[in-house]
Amino acid sequence: MFSYRHAYHAGNHADVLKHTVLVAVMKHLALKEVGFTTIDTHAGAGIYRLDSADANQSGEAQEGLLALMRNKSKLAGPMADALLDYRRVLDHFNPEGGLLNYPGSPLFAHHLLREQDKLKLFEMHPTDIRGLQTRVEELRAGRQVMVIHEDGFNGLPKFLPPSTRRGLVFIDPSYEIKLDYERVVVAVSISMKRFATGTYVVWYPIIPRPQAHSLPRHLSNLARQADKPWLHATLRIRTGARNDVTPGEKAKPKGLVDSGVVIINPPFTLYEQLQQALPQMVQLMGQDHLAGFSLTRG
Ligand SMILES: C[S@@+](CC[C@H](N)C(=O)[O-])C[C@H]1O[C@@H](n2cnc3c(N)ncnc32)[C@H](O)[C@@H]1O
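Our subject in this report is the structure included herewith.

**So, the overall build of the protein chain**
A count of helices and strands for the protein chain gives 11 helices and 10 strands. By the compact-globule yardstick of 19 Å for 298 residues, the protein chain fits well, its C-alpha radius of gyration being 18 Å. Of all 298 residues assigned to the protein chain, the portion counted as buried reaches 54%. Treating the 35 positive side-chain charges of the protein chain as one cloud and the 29 negative ones as another, the clouds have centres 4 Å apart.

Dropping the structure here:
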């Protein structure tokens, strides 16, 4: 456990997908005056340098966010609104221009908070929790932002429902442990009983593991049983096989290439926003004929 460090993955295609959704959902919640609570069950360290040794070693941001920005002149028309909103948050963290600082979900969320909103951040990693606590202290946000060094799955229900009955639960585990898939479903199921009208955003990797394939079905079933709308978006940037395979050699997977997000109780505008943003993500980050997206709802 705890071999996963988000610093290697910051700004990759999966971050582009999940953080675009996070920004869109929070902006929609902020349209009403009444405050809302965002709960991030797996927060990470808060902010990352895209020129760090960790980021350079993996090169994932190069295939993700940096490709999205590098290639944007390929678009025939304007960039989709959801991607522009995502980019605006990144600009805030890079006031000198360029893209060296990549905010994690806690800082994306904090940037979009208004005075009346609250943010709860769970993190378990002994190093990342210290980084996160330091970042949050620097924000001087007082009681508006709470960092909790606890298991996010176990701790989530105690904040539900939020006092204003408005909120977003962002669930972004590392899935280092197979049990995480099951724990996500249990956590959402328990949480929906306490807070059926909340918006739930769950990211997951699409990898050859039965639990990963069944996760979106389990989540959409929970939504259906509660008679709530859901949305499922996936993004793939290329083939997962190595392209330097010699004849007779079995192709081996090379990094994460495919992931998805399930949203329960999505804003009614999100489907259309993603209908515009996902093809552009594929156009700008896609590397071969296996790049693509899907978008379904119920
Ligand atoms: C994919 S990363 C999170 C990235 C972050 N949400 C972002 O978008 O910037 C997953 C994080 O969850 C942490 N983690 C793993 N198991 C956890 C648990 N049960 N509760 C809370 N955090 C956990 C890991 O240490 C890691 O930092």
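**Comments concerning the pairing of strand S5 (residues 145–148)**
In the sheet, strand S4 (residues 118–122) pairs with S5 via 4 bridges, with the strands oriented parallel. Residue pairing across strands places Phe 122 opposite Ile 148, the latter belonging to S5. Handedness of the β-α-β unit built from S4, helix H7 (residues 126–139) and S5 comes out right-handed.

**Some remarks on the sheet that holds S5**
Across the sheet, 8 strands lie side by side as S5-S4-S1-S6-S7-S9-S8-S10; this open sheet has mixed pairing. Every other strand in the sheet has two partners, leaving S5 and strand S10 (292–297) as the edge strands with one partner each. Between one strand and the next, the sheet's axes are offset by a mean angle of 10 degrees, whatever the strand orientation. Of the pairings in the sheet, the one linking strand S1 (residues 37–40) to strand S6 (residues 167–171) comprises 4 bridges and is parallel in character.

**Comments concerning helix H9 (residues 179–194)**
Taking 1.5 Å per residue as the helical rise, H9 with its 16 residues ought to reach 22 Å, and the 23 Å between its terminal C-alpha atoms agrees with that figure. Those residues of H9 that sit buried are Asp 180, Tyr 181, Val 184, Val 185, Ala 187, Val 188, Ser 191 and Met 192. Projected onto a plane normal to the axis of H9, the buried residues spread over an arc of 165 degrees and lie on a single side. Of the exposed residues in H9, the ones pointing more than 90 degrees away from its buried face are Glu 182 and Lys 193. The inward-facing, buried residues of H9 contact helix H8 (152–155), S6, strand S7 (199–205), helix H10 (210–225) and strand S9 (258–264).

**Thoughts on the packing of H9 against H10**
Angle between the axes and distance between the axes: these two values describe a pair of packed helices. The interhelical angle for the contact between H9 and H10, taken along N-to-C directions, is 10 degrees, at an axis separation of 9 Å. Taken together, the axes of H9 and H10 are roughly parallel relative to one another. In contact with Tyr 181, Val 184, Val 185, Val 188, Ser 189 and Met 192 of H9, H10 contributes Gln 211, Ala 212, Leu 215, His 218, Leu 219, Leu 222 and Ala 223. Split by residue class, the contact of H9 with H10 holds 10 nonpolar, 3 polar and no charged.

Parameters and conventions
Residues numbered from 1 in each chain as written. Predicted model: local features only at pLDDT ≥ 70, side-chain atom pairs only at ≥ 80, totals over all residues. Heavy atoms only, no water. Helix = DSSP H or I, 4+ residues; strand = E, 2+ residues; numbered from the N terminus. Rg over C-alpha atoms; globule rule 2.2 N^0.38 Å. Buried < 20%, exposed > 50% of the residue type's maximum accessible area, 1.4 Å probe, protein only. Lys, Arg positive; Asp, Glu negative; His and termini not counted. Charge placed at Lys NZ, Arg CZ, Asp CG, Glu CD. Pairing = 2+ DSSP bridges. Right-handed = clockwise from strand over helix to strand, strands pointing away. Axes fitted to C-alpha atoms, helices over the stretch in contact; angles between N-to-C directions. Expected span 1.5 Å × (residues − 1). Arc of directions from axis to C-beta. Contact = heavy atoms within 4.5 Å. Parallel < 35°, antiparallel > 145°, perpendicular 65-115°, else oblique. Nonpolar A, V, L, I, M, F, W, Y, C, P; charged D, E, K, R; others polar.

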